[in-house]
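Structural features, examined
Chain residues, written in single-letter form:
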Amino acid sequence: MNTPILVTGGTGTLGRHVVARLREKGADVRVLTRNPRPAADGVTYVVGDLATGAGADAAIEGVNTIVHCAGSQKGDEVKARHLMAAAARAGVGHVVYISVVGADRVPVTSAIDRAMFGYVAAKRAAEEIVAGSGVPYTTLRATQFHELAFTAVAAMAKLPVVFAPGGTKLQPIAADEVAARLVELALGEPQGLVADMGGPRAYLFADLARGYLRATGRRRPIVSFPAPGAAARSYRAGANLTPEHAVGHQTWEEFLTQRLAV
Ligand SMILES: NC(=O)c1ccc[n+]([C@@H]2O[C@H](COP(=O)([O-])OP(=O)(O)OC[C@H]3O[C@@H](n4cnc5c(N)ncnc54)[C@H](OP(=O)(O)O)[C@@H]3O)[C@@H](O)[C@H]2O)c1
């Protein structure tokens, strides 16, 4: 048996692809999750909660590489603090962290920014915790996943009128393509902050919604309005986009076709 690679968030949208791709490469995989489940197909599951740090030491025991994909709308800096403290105690050789494009560029200063973009500030704080932990690391910033954009527009399309943040673009990318890059990074040497990764095209939010409505055969008026605050303004200026790293292949239209075929 090989030394297992620990994947936090290995049950999530991104982490599931990371686990599958690591298995394809022949790696033994351990997943940290809040919910116990039986081992299967070369993957074992260890219960832990990074919001409290419970179970982190046990999950890391005997591990040299961690791919840290656990995340949620709030508190990613707390999760990073607990994980990196445990990783430093155990002398882990490499932590690969997934952050978000714009984490360093989106100002989150006012109460309105924090309410709408607190997630981005937490990712930035988590990046700093990873970098300052003393554990060798690699951080990759990716743009929004197609899966997240799909959930967002599907929720918006439940209303009779679709309200889209005006002037805001997303550059969605397939989570599996990000997973492939994370696996490549995890199997290599620590590199610190690496080049951003973005989807092949940027779309106005309203156009993502329009594509979804068309693909699902619905008709809804779309009303665009600019969201308030400095963080929203920076999004309108493209702080969440990486046109120079539009390396993803699957387009939003291809994703919609695939997703709606099942
Ligand atoms: N979604 C995007 O568009 C996007 C873009 C760029 C970067 N990212 C980053 O990519 C990562 C994965 O995103 P995702 O969309 O795959 O998320 P997701 O589908 O919501 O999955 C979240 C994962 O995090 C785990 N998790 C949440 N809270 C935890 C806690 N307190 N302790 C331990 N595990 C916890 C969950 O595991 P259990 O429920 O099994 O415990 C689950 O596997 C996040 O760090 C996110 O910030 C996402």
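Residues numbered from 1 in each chain as written. Predicted model: local features only at pLDDT ≥ 70, side-chain atom pairs only at ≥ 80, totals over all residues. Heavy atoms only, no water.

1. Overview of the overall build of the chain
For the chain, the count of helices and strands is 9 helices and 11 strands. In terms of C-alpha radius of gyration, the chain reaches 19 Å, essentially the compact-globule figure of 18 Å for 262 residues. When each of the 262 residues of the chain is scored for burial, the buried share is 48%. A sequence separation of at least 24 residues applies to 78% of the contacts in the chain between residues at least 6 apart. Side chains of the chain carry 28 positive and 22 negative charges; the gap between the two charge centres is 9 Å. (Helix = DSSP H or I, 4+ residues; strand = E, 2+ residues; numbered from the N terminus. Rg over C-alpha atoms; globule rule 2.2 N^0.38 Å. Buried < 20%, exposed > 50% of the residue type's maximum accessible area, 1.4 Å probe, protein only. Contact = heavy atoms within 4.5 Å. Lys, Arg positive; Asp, Glu negative; His and termini not counted. Charge placed at Lys NZ, Arg CZ, Asp CG, Glu CD.)

2. Points about the sheet that holds strand 4 (residues 65–68)
Taken in spatial order, the 7 strands make up an open sheet running 3-2-1-4-5-6-9, and their pairing is parallel. Strand pairing shows two members of the sheet lacking a second neighbour, strand 3 (43–47) and strand 9 (192–193), which therefore form its edges. Its contacts with the sheet place helix 1 (residues 13–24) against strand 1 (5–8), strand 2 (29–33), strand 3, strand 4 and strand 5 (94–100), and it is angled at close to 165° to strand 1. Set on the sheet, helix 3 (residues 76–90) makes contact with strand 1, strand 4 and strand 5; between it and strand 4 the angle comes to about 175°. (Pairing = 2+ DSSP bridges. Axes fitted to C-alpha atoms, helices over the stretch in contact; angles between N-to-C directions.)

3. So, the nonpolar core
Formed by 27 residues in total, the largest nonpolar core has its most connected members in Leu14, Val18, Val67, Val178 and Leu182. Elements with a contribution of two residues or more to this core: strand 1, helix 1, strand 2, strand 5, strand 6 (137–142) and helix 6 (175–186). For this core, the leading source of residues is helix 6, giving 7 residues. Every residue in contact with valine 18, bar those within four places of it in the chain, is listed here: Val7, Val67, Cys69, Ala179, Leu182 and Val183. Counting 22 residues, the second-largest nonpolar core is a separate cluster that includes Val46, Ala56, Ile66 and Ile129. (Core = buried A, V, L, I, M, F, W, Y, C linked by side-chain atoms within 4.5 Å.)

4. Some words on the UniProt feature "domain: NAD(P)-binding" (unreviewed entry) in the chain
Those places that UniProt annotates as "domain: NAD(P)-binding" (unreviewed entry) correspond, in this numbering, to residues 9–184. Within residues 9–184, the helical portion is 42% and the strand portion 19%, while the C-alpha atoms at the span's ends are 18 Å from each other. (UniProt positions renumbered as here; feature names shortened; annotations may be inferred.)

5. Here we look at the packing of aromatic side chains
Under the criterion given, the structure shown has 5 aromatic pairs. On the basis of an interplanar angle of 75° and a centroid distance of 6.0 Å, the ring pair of phenylalanine 150 and phenylalanine 255 is categorised as edge-to-face. Of this pair, phenylalanine 150 sits in helix 5 (residues 146–156) while phenylalanine 255 sits in helix 9 (residues 252–260); the two residues are 105 residues apart in sequence, bridging distant segments of the chain. Of the residues examined, phenylalanine 150 reaches a relative accessible area of 10% and is grouped as buried. Judged by centre distance (5.9 Å) and plane angle (20°), the ring pair of tryptophan 252 and phenylalanine 255 falls under stacked. Of the two residues, tryptophan 252 and phenylalanine 255 are both situated in helix 9; the distance of 3 residues between them amounts to about one turn of the helix. Aromatic ring contacts, followed pair by pair, group Phe150, Tyr212, Trp252 and Phe255 into a single cluster. Its end group placed over the ring of phenylalanine 150, arginine 259 keeps NZ or CZ at 4.3 Å from the ring centre. (Phe/Tyr/Trp six-rings, centres within 6.5 Å; stacked < 30°, edge-to-face > 60°. Lys NZ or Arg CZ within 6 Å of the ring centre and 35° of its normal.)

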